[in-house]
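# Notes for the structure review
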Amino acid sequence: MAKASLHTALNLLFFAVIGTALLAITYQLTHEPIARSEEKEKLKLVTQIAPAETYDNDIIKDTAELAEDKLLGNDDTTIAYIGRIKGQPSIAVLQVIAPDGYSGKIRLIISIHSDGKIGGVRVISHKETPGLGDYIEIAKNKWITVFNGTSLDNHKDADWKVKKDGGSFDYMAGATITPRAVVKAVHKALQYYAQHREEMFKPHPAANVQANQSEGEKK
Amino acid sequence: MTTQEFKDILYNGVWKQNTGVVQLLGMCPILAVSSSVVNGVSLGLATAVVMALSGAAIAPIRNFVPNEARIPVFILIIAVLVTVVQFSMNAYMYGLYVVLGIFIPLIVTNCIVLARIEAFASKNPALQSALDGLAMGLGLTAVLAVLGGIREIFGHGTLLSGIDLVFGEAAKSMVITVVPNYHGFLLAILPPGAFIALGMLIAGKNWLNLRAEQKSRKQADLSVAIPAN
């Protein structure tokens with residue numbers, strides 16, 4: 001009896017070891033392509049709303065960590081991407097969360113030019129009703145581009161609502177809760193930007209280190 | 001493997017014991033991902049690959065695994081293979097991976113995989129088991145393709161939307177707009193639409209079976225009747 005269960009246990013162990021080894025090999029082989037495609041996907045979204053001519057630095061690496069903030073809707077630190085031209089901040093890409101979608105959180109990325117105008121908004125993920133609330137996706141509809149070029153200057157606080165609520169943003173019949181949440185989140189992101197732009201645009205610590213090193217070398 | 005055996009396994013998997021409309025196994029992915037042809041076929045093919053691989057992997061070791069450790073070992077092997085498929089899709093078909101996302105790891109829990117291992121691969125040689133898994137997977141893929149097609153046409157008025165996720169941007173022109181300026185029919189896209197369409201598919205399959213049965217009975221009657229004359 002004891003011998004039989006030992007045999008069973010060894011058998012299980014044997015297959016567990018083989019399985020783990022197989023997985024380790026696959027991970028090693030695919031790990032780099034996966035990281036690459038994830039990066040590419042993110043870059044694709046970022047370059048959609050922050051055109052290449054608006055920065056000359058490596059925007060994906062030039063990041064600022066933003067602590068959680070009510071205006072961003074995040075409950076954890078997020079990363080903002082900072083674009084610069086000749087070292088001068090030109091555009092910021094923020095990741096924000098609209099907490100009050102029709103079914104849960106809507107994650108957005110928003111690019112804001114240094115003059116406070118929005119470059120573009122994109123939805124990263126959402127759980128809105130397919131066919132009704134999902135027109136906020138660029139793949140389904142151009143609606144999300146209504147934000148291009150808007151700012152706190154050219155839209156007063158009262159305008160940051162959908163037309164049904166007396167604001168200035170279009171929406172589609174059948175789904176008002178979804179665009180309402182998105183408009184609110186974009187408005188809040190602009191407010192956050194207005195309050196925090198200086199600290200966001202601080203030179204990246206890694207860039208600083210590099211600059212110091214090259215100075216050191218000169219000496 | 002004889003040709004007859006080959007034909008039998010194929011016929012059994014794709015038609016007679018079809019997982020989608022006869023065995024009704026693996027309902028979760030069928031209802032969830034059949035919202036479009038591309039989604040359905042992609043997950044169907046991923047499942048077929050996993051089933052063929054696991055059949056081929058488990059059949060040769062079936063005599064070494066003690067009976068009481070059978071299920072955990074089988075599940076372990078299936079889980080490893082699914083993870084390998086998942087990693088590969090994530091690495092080389094990222095767009096599609098994002099769409100299918102959560103349903104790929106769920107292939108492990110799709111009862112059809114373990115069911116075929118138990119019913120077939122644990123009693124047959126490797127080649128036959130791999131073929132059985134592949135045939136069953138292809139049967140599932142066919143159901144998912146038809147179901148996805150029905151739901152996509154009724155729901156969005158298109159066919160093959162999202163094909164660019166599989167073949168890259170250039171394939172965007174392959175999307176067929178069946179009904180131009182279609183306003184969409186929400187029911188078809190949501191899970192109830194999947195239930196209704198699947199019900200109709202099952203009814204259709206039963207009707208075909210019944211008709212074939214009647215036909216063969218008539219023929220039998222005829223051949224009995226002739227000598228009596």
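None of these values were measured; they are calculated from a predicted model.

## Here's the deal with the environment of Ile118(A)
All names here are of chain A. Structurally, Ile118 can be placed in strand S5 (residues 118–125). For Ile118, a count of 22 C-beta atoms within 10 Å translates into the label buried. Residues Ile118 and Leu108 lie ten residues apart in sequence; the distance between their C-alpha atoms is 13 Å. Here Ile118 is in contact with Ile110, Ser111, Ile112, Phe147, Asn148, Gly149, Thr150 and Ser151, once residues within four sequence places are set aside.

## Some points on the interface of chain B and chain A
Counting residues at the interface gives 21 residues for chain B and 19 residues for chain A. Elements represented by at least two residues in the side of chain B that touches chain A include exactly helix H4 (70–92) and helix H9 (186–189) of chain B. In terms of residue count, the dominant contributor to the side of chain B that touches chain A is H4(B) (twelve residues). Split into classes, the residues belonging to the side of chain B that touches chain A amount to 15 nonpolar, five polar and one charged.

## Side note on the domain arrangement of chain A
All names here are of chain A. Structurally, chain A comprises domain 1 (1–49) and domain 2 (53–206). Summarising the inter-unit geometry, the C-alpha centres of domain 1 and domain 2 are found 36 Å apart. Counting from both sides, the interface comprises six residues of domain 1 and, opposite them, ten residues of domain 2. When the residues that make up the side of domain 1 that touches domain 2 are grouped by side-chain class, the tally is four nonpolar, one polar and one charged.

## Thoughts on the sheet that holds strand S3 (residues 88–101) of chain A
All names here are of chain A. Ordered by their spatial adjacency, five strands build an open sheet running S1-S2-S3-S4-S5, and the pairing between neighbours is antiparallel. Taken across any chain shown, the strands that pair with only one partner, and hence form the sheet edges, are strand S1 (63–66) and S5. In this sheet, adjacent strand axes meet at a mean angle of 25° when their direction is disregarded. With nine bridges connecting them, S3 and strand S4 (residues 104–113) associate as antiparallel partners. Bridging across to S4, Ile91 finds its partner in His113.

About the thresholds
- Residues numbered from 1 in each chain as written.
- Chains lettered and ligands numbered in written order.
- Predicted model: local features only at pLDDT ≥ 70, side-chain atom pairs only at ≥ 80, totals over all residues.
- Helix = DSSP H or I, 4+ residues; strand = E, 2+ residues; numbered from the N terminus.
- Buried ≥ 20, exposed ≤ 12 C-beta atoms within 10 Å, placed from the backbone.
- Contact = placed C-beta atoms within 7 Å.
- Nonpolar A, V, L, I, M, F, W, Y, C, P; charged D, E, K, R; others polar.
- Domains from an automatic or database assignment.
- Pairing = 2+ DSSP bridges.
- Axes fitted to C-alpha atoms, helices over the stretch in contact; angles between N-to-C directions.

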